[in-house]
Amino acid sequence: MPELPEVETVRRGLTQLVAGATIDHVDVYYPKMVRPDAEIFTADLIGRKIEKIDRRGKYLLFRFSGDLTLISHLRMEGKYDVQPEGSPIPKHTHVIFHLKDQRELRYNDTRKFGRMRLVKTGTEATELKSLAQMGPEPTESALTLAYMQRVFGKSHKIVKPFLLDQSKIAGLGNIYVDEVLWLSKINPLTPADTLTQAQLSVLRQNIIAEIARAIQGHGTTVHTFSTAFGETGDFQNELHVYGHEGEPCERCGTEIVKIKVAQRGTHFCPHCQPYPPEMQEGLVDD
Ligand SMILES: [Zn+2]
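Please read all numbers here as calculations on a predicted model, not as lab measurements. (Residues numbered from 1 in each chain as written. Predicted model: local features only at pLDDT ≥ 70, side-chain atom pairs only at ≥ 80, totals over all residues. Heavy atoms only, no water.)

Draft legend 1. Expanded view of the sheet that holds strand β2 (residues 34–35). The sheet built from five strands is open, its strands ordered β2-β9-β5-β4-β3 with mixed pairing. Since the sheet does not close on itself, it has two edges, and those belong to β2 and β3 (50–56), each with one partner. Where strand β4 (residues 59–64) and strand β5 (residues 68–73) come together, six bridges link them in antiparallel fashion. By the bridge assignment for β5, Y59 is matched with H73. Across the sheet, helix α1 (residues 4–18) lies against β3 and β4, angled at about 175 degrees from β3, the strand it touches most. (Pairing = 2+ DSSP bridges. Helix = DSSP H or I, 4+ residues; strand = E, 2+ residues; numbered from the N terminus. Contact = heavy atoms within 4.5 Å. Axes fitted to C-alpha atoms, helices over the stretch in contact; angles between N-to-C directions.)

Pasting the structure below:
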């Protein structure tokens, strides 16, 4: 599933390839994927220029001339690519934006979970509740320590699902949450409101730095974009705990374990990331 760094990488690739291009017409092969209904969707896009592509959390926002915005979420398997007009159309291509310059911007999605929604620019948040409720981007300026103290302090939810909640911080998914918790030496089962100010400060810095590093890592694969947007970039080589269960922790040599937390596979080092005190008591009592 693409996380913020992947979506940002897709955004940058798309900007290089199609910003400034104009839509000739659009074909929708899977009408359930678009809103408003396919007839209106395709009619509204004819002759529009792609002025730029923004991102909010894991949403791509295509800004078109005439104050229209296409909100696109890739969900599990969505991918964009750009092909010359008329080249063979693979089975899982569901929307084709035919450009006036004889290229096609194609949306492919083997699972068909991705969604596109065309709205008037400026109404994104009123049209889509999840955008209205989305927490700050994980950047130095947007994600302040004061904000983190306030929202973490209000919740006794354990930190792993808390960080996955897009209304708290935008864009973090399963991989990067495990990584930032390992970097911060915080156990994934720790209740959010028991983290100290020092722990929150370290966590904040790791979130910001890790996402920035991941975006940079994916930037190196930009040249493959014309055939495969959103492919995992080089950053998988930089992961410390995710997918490393059974291997020694890089810091202390203890075996990395994988458990289920809130239905999600969760990787951590039991030595560097000790269980919170209330759970340790529970373990002894049992
Ligand atoms: Zn360790």
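Draft legend 2. Molecular detail of the coordination of the zinc ion. Protein ligation of the zinc ion involves C249 (SG), C252 (SG), C269 (SG) and C272 (SG), the donor distances falling in the range 2.2 to 2.4 Å. Angles of 98 to 114 degrees at the metal separate the four donor atoms of the zinc ion, which places the site in the tetrahedral class. Positions of the donor residues of the zinc ion, expressed as sequence spacing, correspond to C-x2-C-x16-C-x2-C. Residue C269 shares its accessibility class with C272, and that shared class is buried. (Donors = N, O, S within 2.8 Å, 3.2 Å for Na, K, Ca; no water. Tetrahedral: all angles 85-135°; square planar, octahedral: opposite > 155°, others 65-115°. Buried < 20%, exposed > 50% of the residue type's maximum accessible area, 1.4 Å probe, protein only.)

Draft legend 3. Spotlight on the sheet that holds strand β6 (residues 79–84). Ordered by their spatial adjacency, four strands build an open sheet running β1-β7-β8-β6, and the pairing between neighbours is antiparallel. Two strands lie at the open edges of the sheet, namely β1 (23–28) and β6, each paired on one side alone. Strand-to-strand twist of the sheet, defined as the mean angle between neighbouring strand axes without regard to direction, takes the value 20 degrees. Of the strand pairs in this sheet, β1 and strand β7 (residues 93–99) are connected by five bridges, and their pairing is antiparallel.

Draft legend 4. Highlighting the UniProt feature "domain: FPG-type" (unreviewed entry) in the protein. With numbering matched to this structure, UniProt assigns "domain: FPG-type" (unreviewed entry) to residues 240–274. Across residues 240–274, the secondary structure splits into 0% helix and 29% strand, with the terminal C-alpha atoms separated by 17 Å. (UniProt positions renumbered as here; feature names shortened; annotations may be inferred.)

Draft legend 5. Spotlight on the UniProt feature "active site" (unreviewed entry) in the protein. Following the UniProt record, one finds the feature "active site" (unreviewed entry) at P2, E3, K58 and R264. Among all residues touching E3, those that are not within four sequence positions of it are K58, G171, L172, G173, N174, I175 and Y176. Here K58 is to be found in the loop between β3 and β4.

Draft legend 6. Highlighting the pairing of β3. Here β3 pairs with β4 via six bridges, running antiparallel. Bridged to I50 within β4 is F64. Between β3 and β4, which pair antiparallel in sequence order, lie two residues; one of them, G57, sits at a positive phi of approximately 60 degrees.

Draft legend 7. Just the pattern of salt bridges, in detail. Tallying each qualifying case throughout the model produces 16 salt bridges. We note a salt bridge from K160 to D178, for which the minimum N-O separation is 2.7 Å. Here K160 is found in helix α6 (residues 159–164), whereas its partner D178 is found in helix α7 (residues 174–183), with 18 residues between them in sequence. Note on accessibility: K160 and D178 belong to one class, buried. One salt-bridge network, held together by shared partners, links E8, R11, R12, R55, R56 and E137. (Salt bridge = Lys/Arg side-chain N within 4 Å of Asp/Glu carboxyl O.)

Draft legend 8. Here's a closer look at helix α5 (residues 145–153). Turning to α5, its buried residues number three or more, namely Y147, M148, V151 and F152. Buried residues of α5, viewed axially, fall in a sector of 115 degrees; they line one side. (Arc of directions from axis to C-beta.)

Draft legend 9. Looking closely at the domain arrangement of the protein. Domain boundaries in the protein define domain 1 (4–132) and domain 2 (145–285). For domain 1 versus domain 2, the separation of C-alpha centres amounts to 31 Å. (Domains from an automatic or database assignment.)

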